[in-house]
Every structure is written in C-alpha cells, then in structure tokens.
Amino acid sequence: MLWDEILKAIVDAMPEQLFPLIKEVYGKDYPKGTPITLLATESSTYREAPNAPPGSRLSDIALLVNGAEYYHLECQMHNDQDMVIRMVAYDLHFAMQYTVAEDHEQGGLVMQFPRSAVIYPEKSSHIPDFLRCRIIFQDASEHIYQIPAVKIQSYSLQEIHEKHLTLFIPYVLLRLRPKLDPERKNPLEKKELTAFVDKVMILLKDEVEQGYLTQQEYDDYINLFRRAAEKILEKHAEFLMEVDRMTKPLIELPSVLQKRLYAEIDSLNADKEALATDIEALTADKEALSADKEALAADKEALAADKETLAADNKALTIELADKNAELARMRELLEQYHIPVTA
C-alpha cells in the first residue's frame, strides 16, 4: 500500500529521520551521524516448521543503530486485534535471524527481541497506546509482550514541529479525510485546506532553516506529501489543484538549480564538442576544396600551356606544309620544262 511505501521510502532515502521517532517512543537520543544499517525484512519460517514447505515472513522496517541496537517498525492503517500476534512472530524471527548468540553467563543460547513499534497513520479511537500479549511459558513463568502504538494523527502540527517528527508530514492530510464527506455537518472548505497546507509548508521550510532537513530532503518530503494528496484527494479535483498549486516550487531551490545547471553545462559541453568536430570537418573540407582548386588551377595552366604548344605546333606544321607545297610546285615546273610527264 501507498502508506507503507511512503514510510519505506523515507527510511531508505533519509534513515536519520527515524531518530526523533526513536527518541519519542523509547527516549533514546542518537546524535546526527550515528551509523544506521538497514536490515533485510524477509525472514525464513524454516525454524518454525522444518517439515513444512518453504516460506517466509516480510516485515516493514528493520534496522541496526550504532552497531548494537535493533529496531523493528510496522505501518498499520487500521486497528487489528491480531496485530500483536503478528508482531510477536515478526520479532521472534528477527531475534533468531540477527541476535542469537552463546550465553556465556548462564550457558546455552540467548537472543534479544528488537525495540518494536507499530505506526498508525489513520485516526481511530480504538487504537490502544500499547499492544499487549501475555505469554505463558512451559514453566508457568509469564511475560507481558508490550510494544508502543504510534498514533500519527494524535500529534498536532506544532508537536510534530517541536519534536522534529517530520516523517509524519506525508500522513497529516489523512486527518482531513473524514471532512471530505459532503454530507458531513461541517465539510472541508478550500480555505481550511489552504491554511493547513500553508502550515505544513512553513514547518518544512523551518526544518531546513534549523538544519534538521537538507534541501534535497525537503524536496523529498514535498514529493511524498503530493503523492499522499493525490491518493486522499483523488475524487476532489478542486482541493487537489490547491495542494498542487501550493506545493509546486515557485522558487528554484539551490539543489534543484545545481542539478539543472550541471545538466545544462553537460549539454553545452556536448554541443561544444560536437561543434569542434564539425569545425574540424569543415576545415578539412575547406582544405580539400583548396587543394582541388589548386589542382584545377594547375590543370588549367597545363591546358593553357598545352594549347599554346599545340598552337605553336600547328603554326610550325602549317609553315612546313606551305614550304613543302612550294617545293612541290617548283619541282612540277621543272618537270614540265623538260617535258617529263608528271604522274602524281
């Protein structure tokens, strides 16, 4: 579902955004830069039933913080009485997969359950503060398995801001969904939506100014907020257009500007290289044309010289022919003078 994917997207892109939530739920405060390792969320069910067909369980968020502390988070839209049983199963498999070790103090093995919580984006009066299950072991000892339920809609925007629980922002529009019913006594009005989105935008910008968000993280939250709006307001075009108008960046952020300028520089460099190649090709063509022109000029000069030579040869031949004709005529006259018959 979209709401699960939003949480996973936040954790994948900016895992440190979980630190304020961990502090809120468990009172554990991690400084910025504390190492975070995202863990695989799929675990085999082989140990649970070795003779059964291969299977697996897939949880939402699993992580290791500071190399020693494990956390497991699930996103659940609606109250489900069996959720606590699923969490027991998830955490058991998590512990078997990541924390089983030798118990050097008492012998045998030891494993540690992760710190877990279920996040509920939707508002409901039926969601308890804690999910509980009383576990009775074979020796009659008991343990109360208890994990906190994080109810996003119970936090005001001011509380979200004060506690820097920014990862709640993509879900806050869900609190307006009941008012989208036109038959409701006080349905949602455009001015109410505008005021609400304006507070969200101010909150995010202030987180950037205080250094709790980078410009890129700000952009990511805006995109996730818009995705949530598309889902919640899909049948309310006027409201969706208003959210789109308010969240569309009017001023280009430095990170976005930097990306665009780098892209333009790359494009200009590519154009420059292409132009340089074209200039080289044109220069080569020009040199080839010049060479052809010189060759043609040389051919023209050679032809002119040949023409002059032919003209001179023709003149010489004409003179020589005239001389021969004159000599032939003189000899004919001599033959006729001595009465010698001329046969040719």
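Residues numbered from 1 in each chain as written. Predicted model: local features only at pLDDT ≥ 70, side-chain atom pairs only at ≥ 80, totals over all residues. Heavy atoms only, no water.

### Examining the overall build of the protein chain
Thinking step 1. In terms of helices and strands, the protein chain carries eight helices and 10 strands.
Thinking step 2. Over its C-alpha trace the protein chain gives a radius of gyration of 46 Å, far above what one expects of a compact globule, namely 20 Å for 344 residues.
Thinking step 3. In terms of principal-axis extent, the alpha carbons of the protein chain reach across some 170 × 60 × 40 Å.
Thinking step 4. Within the protein chain, the fraction of its 344 residues that count as buried is 32%.
Thinking step 5. Partitioning the intrachain contacts of the protein chain with sequence separation of at least 6 by distance along the chain shows that 58% fall at a separation of at least 24.
Thinking step 6. For the protein chain, the accessible area works out to roughly 22500 Å², and carbon and sulfur atoms hold 55% of it. (Helix = DSSP H or I, 4+ residues; strand = E, 2+ residues; numbered from the N terminus. Rg over C-alpha atoms; globule rule 2.2 N^0.38 Å. Buried < 20%, exposed > 50% of the residue type's maximum accessible area, 1.4 Å probe, protein only. Contact = heavy atoms within 4.5 Å. Areas by Shrake-Rupley, 256 points an atom, 1.4 Å probe, with all protein chains shown as cover.)

### Points about the nonpolar core
Thinking step 1. Formed by 57 residues in total, the largest nonpolar core has its most connected members in Trp3, Leu21, Ile160 and Phe168.
Thinking step 2. The next biggest cluster of nonpolar side chains, apart from the first, holds 13 residues, and it includes Met87, Tyr90, Ile127 and Leu131. (Core = buried A, V, L, I, M, F, W, Y, C linked by side-chain atoms within 4.5 Å.)

### Thoughts on the pattern of salt bridges
Thinking step 1. Tallying each qualifying case throughout the model produces 16 salt bridges.
Thinking step 2. Notably, a salt bridge pairs Glu122 with Arg177, separated by 2.4 Å at the nearest N-O pair. Of the two residues, Glu122 sits in the loop between β8 (115-120) and β9 (130-136) while Arg177 sits in the loop between α4 (157-162) and α5 (190-209), which places them 55 residues apart along the sequence.
Thinking step 3. In this structure, Asp129 engages Lys151 in a salt bridge whose closest nitrogen and oxygen atoms are separated by 2.6 Å. Residue Asp129 is found in the loop between β8 and β9, and its partner Lys151 is found in strand β10 (residues 142-151); the two are separated by 22 residues along the sequence.
Thinking step 4. One network of salt bridges, with partners in common, ties together Glu5, Lys8 and Asp60. (Salt bridge = Lys/Arg side-chain N within 4 Å of Asp/Glu carboxyl O.)

### Structural notes on helix α1 (residues 2-13)
Thinking step 1. Over its 12 residues, α1 runs 16 Å from end to end, which matches the ideal 16 Å to within 8%, given 1.5 Å per residue.
Thinking step 2. Every buried residue belonging to α1 is among Trp3, Asp4, Ile6, Leu7, Ile10 and Val11, and all of these are buried. The buried residues of α1 occupy an angular sector of 160° when the element is viewed end-on, so they sit on one face. Across from the buried face of α1, at angles greater than 90 degrees, the exposed residues are Asp12 and Ala13.
Thinking step 3. Of the surrounding elements, those touching the buried residues of α1 are β1 (36-38), β4 (61-65), β5 (69-75), β8 and α6 (215-232). (Expected span 1.5 Å × (residues − 1). Arc of directions from axis to C-beta.)

### Looking at the pairing of β8
Thinking step 1. Counted residue by residue, β8 has five buried out of six residues, so it is predominantly covered.
Thinking step 2. Bridge analysis of β5 against β8 gives five bridges, and the strand direction is parallel. Within β8, the residue paired with Glu74 across the bridge is Val118.
Thinking step 3. In this sheet, β10 lies alongside β8 in parallel orientation, the contact comprising three bridges. In the strand pairing of β10, Ile119 is matched with Val150. (Pairing = 2+ DSSP bridges.)

### Concerning the sheet that holds β4
Thinking step 1. A sheet is described by the order of its strands in space; here six strands give the open sequence β1-β4-β5-β8-β10-β9, paired in mixed fashion. At either margin of the open sheet sits one strand with a lone partner, and together these are β1 and β9. Between one strand and the next, the sheet's axes are offset by a mean angle of 25°, whatever the strand orientation.
Thinking step 2. Bridge analysis of β1 against β4 gives three bridges, and the strand direction is antiparallel. Counterpart to Ile36 in the pairing with β4 is Val65. (Axes fitted to C-alpha atoms, helices over the stretch in contact; angles between N-to-C directions.)

### Focus: helix α2 (residues 19-26)
Thinking step 1. Every buried residue of α2 is listed here: Phe19, Leu21 and Ile22. Across the axial projection of α2, the buried residues extend over an arc of 155°, all falling on one side.
Thinking step 2. Gly27 sits one or two residues past α2 and shows a positive phi near 70°.

### Brief notes about a nonpolar patch on the surface
Thinking step 1. Where nonpolar side chains cluster on the molecular surface, the patch consists of Leu92, Val100, Leu109, Met111 and Phe113 and spans about 410 Å² of accessible area.
Thinking step 2. For Val100, the position within the fold is in the loop between α3 (83-98) and β6 (101-102).
Thinking step 3. Here Val100 falls in the partly exposed class, since its relative accessible area comes to 36%. (Patch = residues over 30% accessible without salt bridge, like charges linked within 9 Å, V, L, I, M, F, W, Y side chains within 5 Å.)

### Side note on unusual backbone geometry
Thinking step 1. Not every positive phi belongs to a glycine, and Ala140 is a case in point at roughly 75°.
Thinking step 2. Take Ala140: it is sitting in the loop between β9 and β10.
Thinking step 3. Accessibility expressed as a relative area gives 59% for Ala140, which makes it exposed.
Thinking step 4. Phi is positive for His164, close to 55°, though the residue is something other than glycine.

### Notes on the packing of aromatic side chains
Thinking step 1. All told, the structure shown has nine aromatic pairs when counted by the stated rule.
Thinking step 2. A ring pair is formed by Tyr30 and Tyr71, whose centres lie 6.3 Å apart and whose planes are at 85°; its orientation type is edge-to-face. Remark: Tyr71 occurs in strand β5 and Tyr30 occurs in the loop between α2 and β1; sequence separation between them is 41 residues. Judged on exposure class, the residue Tyr30 and its partner Tyr71 are both buried.
Thinking step 3. For the ring pair Phe113 and Tyr145, a centre distance of 6.2 Å and an interplane angle of 75° mean the geometry is edge-to-face. In this pair, Phe113 sits in the loop between β7 (109-110) and β8 while Tyr145 sits in strand β10, placing the two residues 32 residues apart along the sequence.
Thinking step 4. Owing to a relative accessible area of 6%, Tyr145 belongs among the buried residues under this scheme.
Thinking step 5. By way of ring pairs, the aromatic residues Phe19, Tyr26, Tyr30 and Tyr71 are connected into one cluster. (Phe/Tyr/Trp six-rings, centres within 6.5 Å; stacked < 30°, edge-to-face > 60°.)

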